[in-house]
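Structural features, examined
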Amino acid sequence: MQTLPTTNTNAQTQFPIQELEQIESAIQTSQQWLATLKGRREALTTELERITRPQPVIAISKAPMKMIGPGLDYRGVMSQHWKYIDIHIDLLRRLWTEFPDRREAMAKAMGRYGATRAYVAKSRTELFPSKPAAWAQRYSRTLVDDWCVDTNLSRKQMHRILPAAVEAAGLMWGKDVKTYWRPTQIAS
């Protein structure tokens, strides 16, 4: 006996074709979502890279530097000296020349820093009252006119008394007058 091929309708009715279609639809929708998410991820990554990228450094040109000193900047004019005492005397000479009516006040202001010293006086005898003339000659110089200046000073002493003389003259230390005790680099 021969059997006729029969269609298995029972098997067809049991196959979940609707579920397969739902899965296919979910996969297509997921692929579309993935494509959308990948595009958005690329856009966000590009923006993140842009905002976190180091900014180019704008070259700030440094002002050219120049070496000055040791010396004295008196009202914007620089004079160079190799010895501290020459800085000291140059400044006092400029003050005594430019402010002759304030000489006594400057001498008094400087004298406040010396227990037994005048630092400047109208004669060597006044400058060193208890010293022999030869000693006074050796440790003093003529400042201007009949004024003499003590040259037996340390830089520390000069550093204290020069601002007093400058202020007594009516100038500002650090603005009108600057001393450079060592070679110093400044912007030119």
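Before any of the text, the structure's been laid out above.
Predicted, not measured: the structure shown is a model, and the values here were computed from it. (Residues numbered from 1 in each chain as written. Predicted model: local features only at pLDDT ≥ 70, side-chain atom pairs only at ≥ 80, totals over all residues. Heavy atoms only, no water.)

1. Examining unusual backbone geometry
Despite not being glycine, Tyr 119 shows a phi value in the positive range, around 70°. By the secondary structure assignment, Tyr 119 is in the loop between helix H4 (103–111) and strand E4 (120–121). Its relative accessible area of 1% is what places Tyr 119 among the buried residues. (Helix = DSSP H or I, 4+ residues; strand = E, 2+ residues; numbered from the N terminus. Buried < 20%, exposed > 50% of the residue type's maximum accessible area, 1.4 Å probe, protein only.)

2. Overview of the packing of aromatic side chains
Enumeration over the complete set of coordinates arrives at four aromatic pairs. With a centroid separation of 4.9 Å and 90° between ring planes, the pair formed by Phe 128 and Trp 135 is classed as edge-to-face. With relative accessibility at 9%, the residue Phe 128 sits in the buried group. Joined through ring pairs, the aromatic side chains of Phe 128, Trp 135 and Tyr 139 make up one cluster. Above the ring of Trp 135, the side-chain terminus of Lys 131 is found at 4.7 Å from the ring centroid. (Phe/Tyr/Trp six-rings, centres within 6.5 Å; stacked < 30°, edge-to-face > 60°. Lys NZ or Arg CZ within 6 Å of the ring centre and 35° of its normal.)

3. Quick word on the nonpolar core
Soluble globular proteins tend to bury their nonpolar side chains together. Leu 92, Leu 95, Trp 96 and Val 120 are the most contacted members of the largest nonpolar core, which totals 29 residues. Mapped by element, the contributors of at least two residues to this core are strand E2 (71–74), helix H3 (84–98), H4 and helix H7 (155–169). By residue number, the principal contributor to this core is H3, which donates seven residues. What Val 120 contacts, discounting residues up to four positions off in sequence, is Leu 92, Trp 96, Ala 107, Met 110, Leu 127, Leu 143, Trp 147, Cys 148 and Val 149. (Core = buried A, V, L, I, M, F, W, Y, C linked by side-chain atoms within 4.5 Å. Contact = heavy atoms within 4.5 Å.)

4. So, the packing of H3 against H7
The description of two packed helices rests on the angle between their axes and on the distance between the axes. Their axes nearest at 11 Å, the elements H3 and H7 cross at an angle of 10°. With respect to their mutual orientation, H3 and H7 come out roughly parallel. The handedness of the crossing between H3 and H7 is left-handed. Of the residues in H7, those in contact with Tyr 84, Ile 85, His 88, Leu 91, Leu 92 and Leu 95 of H3 are Arg 155, Met 158, Ile 161, Leu 162, Ala 165, Val 166 and Ala 169. For the contact of H3 with H7, a count of residues per class yields eleven nonpolar, one polar and one charged. (Axes fitted to C-alpha atoms, helices over the stretch in contact; angles between N-to-C directions. Parallel < 35°, antiparallel > 145°, perpendicular 65-115°, else oblique. Left-handed = near helix turned anticlockwise from the far one by under 90°. Nonpolar A, V, L, I, M, F, W, Y, C, P; charged D, E, K, R; others polar.)

5. A closer look at a nonpolar patch on the surface
Together, Phe 15, Ile 17 and Leu 20 line one region of the surface with nonpolar side chains, adding up to about 300 Å² of accessible area. Ile 17 sits in the partly exposed class, given a relative accessible area of 48%. (Patch = residues over 30% accessible without salt bridge, like charges linked within 9 Å, V, L, I, M, F, W, Y side chains within 5 Å. Areas by Shrake-Rupley, 256 points an atom, 1.4 Å probe, with all protein chains shown as cover. Salt bridge = Lys/Arg side-chain N within 4 Å of Asp/Glu carboxyl O.)

6. A look at the sheet that holds strand E6 (residues 148–150)
The three strands are arranged E4-E6-E5 in an open sheet whose pairing can be described as antiparallel. Each of the sheet's edge strands pairs with one partner strand only, and the pair in question is E4 and strand E5 (140–142). Sheet analysis places E4 next to E6, joined by two bridges and oriented antiparallel. Bridge pairing links Ala 121 to Cys 148 in E6. Across the sheet, H3 is in contact with E4, E5 and E6; its angle to E6 comes to roughly 150°. (Pairing = 2+ DSSP bridges.)

Everything listed is a geometric property; what it means functionally is a separate question.
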